[in-house]
Amino acid sequence: MPEHISYTFEEFQPSIRPKFPGPPGQGPRSNGPGPNRGGPRKQMKSIPHGFILNEGFVNVGSEKIRKMALRPDDVWIVTPPKCGTTWMQELSWCVGHDVDLETAKQVLQFYRFPFLDFNRWGPSEEGKDVDITKLEKNKENVMTFMHNSFEYIESMESPRFIKTHLPLCFLPEDLLKTCKVIYVARNVKDVCVSWFYHQRQPAPFDQFAKAFRNGEMMPGNWFEHMKQAWEVREEDNMQFVWYEDMKEDIRDVIRKIANHLGKTMTEDDMEALVKHLDIDQFKANSSVNKTQEMPSTADRPSFIRKGIVGDWKNHFTQEESKEWDSWITSELERTGIQGMRGWE
């Protein structure tokens, strides 16, 4: 894990506000770990590193997560946003559960693989005091479980599969000593485009891309997020994967994850899982396409959009691409990260 750093935080006002809708009758929520409901809440930026977090996480959630009880059979997926997180969640859950595709198709991914960051931190609000242990895990209740994701994770039976977009520095100190961790990174040009559509195109793309490069979009400092994982990639409990690896040879990635989790797979299992993970299958799979959690809209028809490498070429001007190339080259040299591709 990264060397312990004492962070301080200052209030942060992004130049662009994403257009995430809240529940019916409530205001919008902004980006950053955990949802904002009833209107935007304060965003905070860390000193150092410039990570963007919500005020509730800074005041309450950070300490709870750092001290949360880990289990040796936990599996954590740690990624920046829009790096193939959902894809890797499904891959690793299926591998870890002996390719139980029937359950994978029938049970919403959140219930199988909860999103830690979505927890509401701070004062009690409507829906926060619900006893989730008495609720049925169905489509109607999924948002309530998501708002109480920390409690839900603590109540889960083992093995737990846990998703987070938080950088390693805000996760439990003994995470890599105790649990299996899978980190997925992606070339930042494609991430920027995917994040643009995920946030419902809140501004012209050139303005959005500038704000992204300036560290205004969660998690803020994208390269520092990756650097913290890259530096511990040789740890026994860490598996570092590039999204582009998954696109180029999904079978090879499945084998690596199976080895990482101590699982063996037959060829029939492999072929069935590859078919299950196909992008067209994914878009049609209601357990992973988040139609319940994030319904489609005119400006974002589907949570799972294209899933390709190089879509940035359809959005960046030649001048913008050259500016980003200089930035990426400089950041790769600074961080020592190797293997990022698809951006040139």
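Residues numbered from 1 in each chain as written. Predicted model: local features only at pLDDT ≥ 70, side-chain atom pairs only at ≥ 80, totals over all residues. Heavy atoms only, no water.

**Student:** Just to check I follow, could you spell out the overall build of the protein for this structure?
**Tutor:** Tallying secondary structure elements over the protein gives 15 helices and seven strands in all. Going through the 344 residues of the protein one by one, you find that 56% of them count as buried. For the protein, the share of sequence-separated contacts (at least 6 apart) that also reach a separation of at least 24 residues comes to 74%. (Helix = DSSP H or I, 4+ residues; strand = E, 2+ residues; numbered from the N terminus. Buried < 20%, exposed > 50% of the residue type's maximum accessible area, 1.4 Å probe, protein only. Contact = heavy atoms within 4.5 Å.)

**Student:** Looking at this model, I keep getting lost on the nonpolar core. Mind explaining?
**Tutor:** Formed by 72 residues in total, the largest nonpolar core has its most connected members in Trp76 and Phe212. At seven residues, the largest contribution of residues to this core is made by helix α8 (residues 188–198). Core analysis: the second largest hydrophobic core is formed by 30 residues, Leu101, Met246, Ile254 and Met270 among them. (Core = buried A, V, L, I, M, F, W, Y, C linked by side-chain atoms within 4.5 Å.)

**Student:** I'm lost on the packing of helix α9 (residues 205–213) against helix α15 (residues 318–335) in this one. Help?
**Tutor:** The relative placement of two packed helices is expressed as an angle between their axes plus a distance between the axes. Contact geometry for α9 and α15: axes closest at 12 Å, N-to-C directions at 10°. Our classification of the angle between α9 and α15 gives roughly parallel. Contacts from Asp206, Ala209, Phe212 and Arg213 of α9 reach α15 at Glu320, Glu323, Trp324 and Trp327. Residues belonging to the contact of α9 with α15 are distributed by class as follows: four nonpolar, no polar and four charged. (Axes fitted to C-alpha atoms, helices over the stretch in contact; angles between N-to-C directions. Parallel < 35°, antiparallel > 145°, perpendicular 65-115°, else oblique. Nonpolar A, V, L, I, M, F, W, Y, C, P; charged D, E, K, R; others polar.)

**Student:** Just to check I follow, could you spell out unusual backbone geometry for this structure?
**Tutor:** The bulk of non-glycine residues show a negative phi, and the bulk of peptide bonds are trans. Between isoleucine 47 and proline 48 the backbone carries a cis peptide bond, its omega angle lying at 5°. By the element assignment, proline 48 lies in the loop between β2 (43–47) and β3 (52–54). For the bond from serine 158 to proline 159, the omega torsion is 0°, close enough to zero to count as cis. Non-glycine residue histidine 49 carries a positive phi angle of around 80°. On the secondary structure map, histidine 49 appears in the loop between β2 and β3. Of note in this structure, lysine 82 is not a glycine but carries a positive phi near 60°. Since its relative accessible area comes to 14%, lysine 82 is described here as buried.

**Student:** Mind showing me how you'd approach the sheet that holds β3 here?
**Tutor:** Two orientations exist for strands paired in a sheet by backbone hydrogen bonds: parallel and antiparallel. If you walk across this open sheet you meet the three strands as β1-β2-β3, and the pairing is antiparallel. Looking along the sheet, the strands with just one partner apiece sit at the ends: β1 (8–12) and β3. For this sheet, the mean inter-axis angle between neighbouring strands, taken without regard to orientation, is 40°. Looking at chain direction, β2 and β3 are connected through three bridges and run antiparallel. The partner of lysine 45 across the bridge, within β3, is isoleucine 52. Running at roughly 75° to β3, helix α1 (residues 55–66) makes contact with β1, β2 and β3 of the sheet. (Pairing = 2+ DSSP bridges.)

**Student:** Even after reading the chapter, I still don't get the pattern of salt bridges, so can you show me in this structure?
**Tutor:** Where charged atoms of side chains with opposite charge meet at close range, the side chains can pair. Evaluation of the coordinates by the stated rule reveals 17 salt bridges. Note that arginine 112 is salt-bridged to glutamate 90, the shortest N-O span being 3.0 Å. Of this pair, arginine 112 sits in helix α4 (residues 109–112) while glutamate 90 is found in helix α2 (residues 85–96), placing the two residues 22 residues apart along the sequence. Across the pair, exposure class does not vary: arginine 112 and glutamate 90 are buried alike. Where aspartate 325 meets lysine 189, a salt bridge forms, and the shortest distance between an N and an O atom there is 2.7 Å. Here aspartate 325, found in helix α15, pairs with lysine 189, found in helix α8; they are 136 residues apart in sequence, far enough to count as distant. Through salt bridges with shared partners, a single network forms among Glu224, Glu331 and Arg334. (Salt bridge = Lys/Arg side-chain N within 4 Å of Asp/Glu carboxyl O.)

**Student:** I'm lost on the side chain of threonine 79 in this one. Help?
**Tutor:** Along the polypeptide, threonine 79 turns up in the loop between β4 (75–78) and α2. A relative accessible area of 0% places threonine 79 in the buried class. Looking at threonine 79, its side chain comes within polar contact range of the side chain of threonine 85, at 2.6 Å. Other than its neighbours up to four places away in sequence, threonine 79 contacts Thr85, Thr164, His165, Tyr183, Val184 and His225. (Polar contact = N/O pair within 3.5 Å; in protein donor to acceptor, adjacent residues only side chain to side chain.)

**Student:** When you look at the confidence of the model for the protein in this model, what are you seeing that I'm missing?
**Tutor:** Reading predicted coordinates in detail is not appropriate for stretches of low pLDDT. With 87% of its residues at a pLDDT of at least 70, the protein reaches an overall mean of 89. A low-confidence stretch, residues 21–39 (pLDDT under 50), is modelled with 60 contacts involving residues beyond four sequence positions or located in other chains. (pLDDT = per-residue confidence, 0-100.)

**Student:** Teacher, can you tell me more about the packing of aromatic side chains here?
**Tutor:** When we look at a pair of aromatic rings, we describe it by the centre distance and by the angle of the planes. Under the criterion given, the structure shown has 27 aromatic pairs. When the centroid spacing of 5.1 Å and the interplanar angle of 90° are considered together, the rings of tyrosine 111 and phenylalanine 145 count as edge-to-face. Highlighted residues: tyrosine 111 in helix α4 and phenylalanine 145 in helix α5 (residues 142–147), separated in sequence by 34 residues. Judged on exposure class, the residue tyrosine 111 and its partner phenylalanine 145 are both buried. Ring pairing ties together the aromatic residues Phe196, Tyr197, Phe205, Phe208, Phe212, Trp222, Phe223, Trp312, Phe316, Trp324 and Trp327, which thus form one cluster. If you follow arginine 112 out to its NZ or CZ, it ends over the ring of tryptophan 93, 4.7 Å from the centre. The lysine or arginine in question, arginine 186, covers the ring of tyrosine 243, its NZ or CZ lying 4.1 Å from the ring centre. (Phe/Tyr/Trp six-rings, centres within 6.5 Å; stacked < 30°, edge-to-face > 60°. Lys NZ or Arg CZ within 6 Å of the ring centre and 35° of its normal.)

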